[in-house]
Amino acid sequence: MTAFMPVTLRFCDNRTMLVGSVAEAAGALRQQWPDKTSPGYVEAARLVALAVDGTCCQRIAFEALTKAARQQNILVIRPKSRAHDWLDAVVSS
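Just so we're clear, the structure is a prediction, and the values are computed from it rather than from any experiment.

Moving on: the overall build of the protein chain. Of regular secondary structure, the protein chain possesses four helices and three strands. Starting at the N terminus, the α and β elements of the protein chain follow one another as β-β-α-α-α-β-α. In terms of overall dimensions, the protein chain has a C-alpha envelope of 40 × 30 × 20 Å along the principal axes. For the protein chain, buried positions account for 35% of its 93 residues. Within the protein chain, contacts between residues separated by at least 24 positions form 43% of all contacts whose residues are at least 6 apart in sequence. Surface summary for the protein chain: the accessible area is close to 6100 Å², and the carbon and sulfur share equals 56%. A gap of 4 Å separates the mean positions of the 11 positive and 8 negative side-chain charges of the protein chain.

Let us now look at the pairing of strand β2 (residues 16-19). Of the pairings in the sheet, the one linking strand β1 (residues 7-10) to β2 comprises four bridges and is antiparallel in character. By the bridge assignment, Leu-9 is partnered in β2 with Met-17. The antiparallel pairing of β1 with β2 creates a hairpin that spans five residues between the two strands, and Asn-14 there sits at a positive phi of about 70 degrees.

How each quantity is defined
- Residues numbered from 1 in each chain as written.
- Predicted model: local features only at pLDDT ≥ 70, side-chain atom pairs only at ≥ 80, totals over all residues.
- Heavy atoms only, no water.
- Helix = DSSP H or I, 4+ residues; strand = E, 2+ residues; numbered from the N terminus.
- Buried < 20%, exposed > 50% of the residue type's maximum accessible area, 1.4 Å probe, protein only.
- Contact = heavy atoms within 4.5 Å.
- Areas by Shrake-Rupley, 256 points an atom, 1.4 Å probe, with all protein chains shown as cover.
- Lys, Arg positive; Asp, Glu negative; His and termini not counted.
- Charge placed at Lys NZ, Arg CZ, Asp CG, Glu CD.
- Pairing = 2+ DSSP bridges.

Written out as structure tokens, the structure is:
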């Protein structure tokens, strides 16, 4: 089971990767990104490395990764399933 709701990234070489943990995020950062010098990518790489070391909150690092991926348009957006909607309804009630 993953630590976070998995996200799919599509890299420059058209490979996709499902990322659901900080360890997988570290692997994703080693793939082909459009711009590894962008501030978002650099910050995500820094926070993920700190999270792997245990000195940063994993949630913050994972959110930095998804933010950087969104900024570089490599985050694959998928529609929510009906099961997802059901779980959201259960949690909110």
